[in-house]
Amino acid sequence: MQVSGAEDPKGSSQDRLMRLLELFSGDSKSDWSVDEAAIELGLSASHTYRYFRTLSGAGYISAFTPGRYVLGPAIIALDRKMRLGDPMIQAARLVMGDMLNAAPAGSIAILCRYFQEHVMCVHEEFTTRFKQDISYERGLPRPLYQGAASKVILAHLPLRQVKPYYEGVTGEFERFGLGANWAQVKQTLRSLRNESVVITSGELGNSAAGISAAVFDDKRVIGSISIVIPVVDASPEVRTLLAPIVAKAGAEMTQKMTVLASSGS
């Protein structure tokens, strides 16, 4: 990333605008000034100001004090539009309800998407939510190596795609039981890929267990559907009961998404 004031000759105005918007979605900080953003992106202050003005005028960012900006109300409008109009979420609602009907009280059904080498919860259903110490909070990116909802996606990604990711977080792969070296990781992923569901307990804090199935768009894994249950209720009998129900939910979602993909919807 550039840190000088020179413009990036390879980046179009649209590219720079997107890079600026992405600053506000990062984990490092949630509010930015024009000068801070210009330094971070390697742009001139005058160009950066114009991009701030464009995003602010459209409501994507908003000034909360003079000169400092945060994400604006247009983001909330887009989020609502996604919840109401995303075909994947709409297809999942009844399926998630069926999973909850069979699960212990306090369980949460979650739908996740694979997103930029992370897994993100895009929708959840529950009747009475139990308090988890760590969770797949909606909109919070989670790593591919931690938790059932992530691991079931990881297991179905091409190995050529997994390897460079693994090389950057080898210690985390070992920590979460995926293998101490690449040969072991490949063997573990192959084993997980052959299972209808992935089950983990206590990986996202000590209070929850997860049972997850992959969701495909034809042959490409695009996400996962899961039931998250209080770990105190995650007996072997309960896991045995829920595993085929979650597997069926994954198969139903795959069928729905494959039909949508083939119809061009």
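Here the structure is a predicted model, which means the values were calculated and not measured. (Residues numbered from 1 in each chain as written. Predicted model: local features only at pLDDT ≥ 70, side-chain atom pairs only at ≥ 80, totals over all residues. Heavy atoms only, no water.)

### Regarding the nonpolar core
Core analysis: the largest hydrophobic core is formed by 32 residues, its most contacted members being I110, Y136, L154, F173 and L189. Going through the elements one at a time, β3 (108-115), β4 (118-126), α6 (148-154), α7 (159-168), α9 (182-193), β7 (208-217) and β8 (220-230) are the ones with two or more residues in this core. Per element, the largest residue contribution to this core is 5 residues, and it comes from α6. Residues in contact with I110, not counting those within four places in the same chain, are M96, C121, H123, E124, Y136, A149, S224, I225, S226 and V228. In terms of nonpolar packing, the next biggest core, distinct from the first, is built from 30 residues, L100, L111, V122 and V215 among them. (Core = buried A, V, L, I, M, F, W, Y, C linked by side-chain atoms within 4.5 Å. Buried < 20%, exposed > 50% of the residue type's maximum accessible area, 1.4 Å probe, protein only. Helix = DSSP H or I, 4+ residues; strand = E, 2+ residues; numbered from the N terminus. Contact = heavy atoms within 4.5 Å.)

### Side note on the pattern of salt bridges
Following the criterion strictly, the structure yields 11 salt bridges and no others. Among the salt bridges present, the one from D31 reaches R68, with a minimum N-O distance of 2.7 Å. Here R68 lies in strand β2 (residues 68-71) and D31 lies in the loop between α1 (13-23) and α2 (34-41), a separation of 37 residues in the sequence. Look at R68 and you get partly exposed, because its relative accessible area is 23%. Here E252 ties to K248 by a salt bridge, and the two come within 2.4 Å at their closest N and O atoms. Within this pair, E252 and its partner K248 are both found in helix α10 (residues 236-263), separated by 4 residues, close to a single helical turn. For E252, a relative accessible area of 23% gives the class partly exposed. Each member of the salt-bridge network shares a partner with another, and the members are K29, D31, E36 and R68. (Salt bridge = Lys/Arg side-chain N within 4 Å of Asp/Glu carboxyl O.)

### Concerning the pairing of strand β6 (residues 198-201)
Burial along β6 is one-sided: the residues V198 and T200 are buried and none of I199 and S201 is. One ladder, built from 4 bridges, connects β6 with β7; its direction is antiparallel. Bridge pairing in β7 links T200 to G210. (Pairing = 2+ DSSP bridges.)

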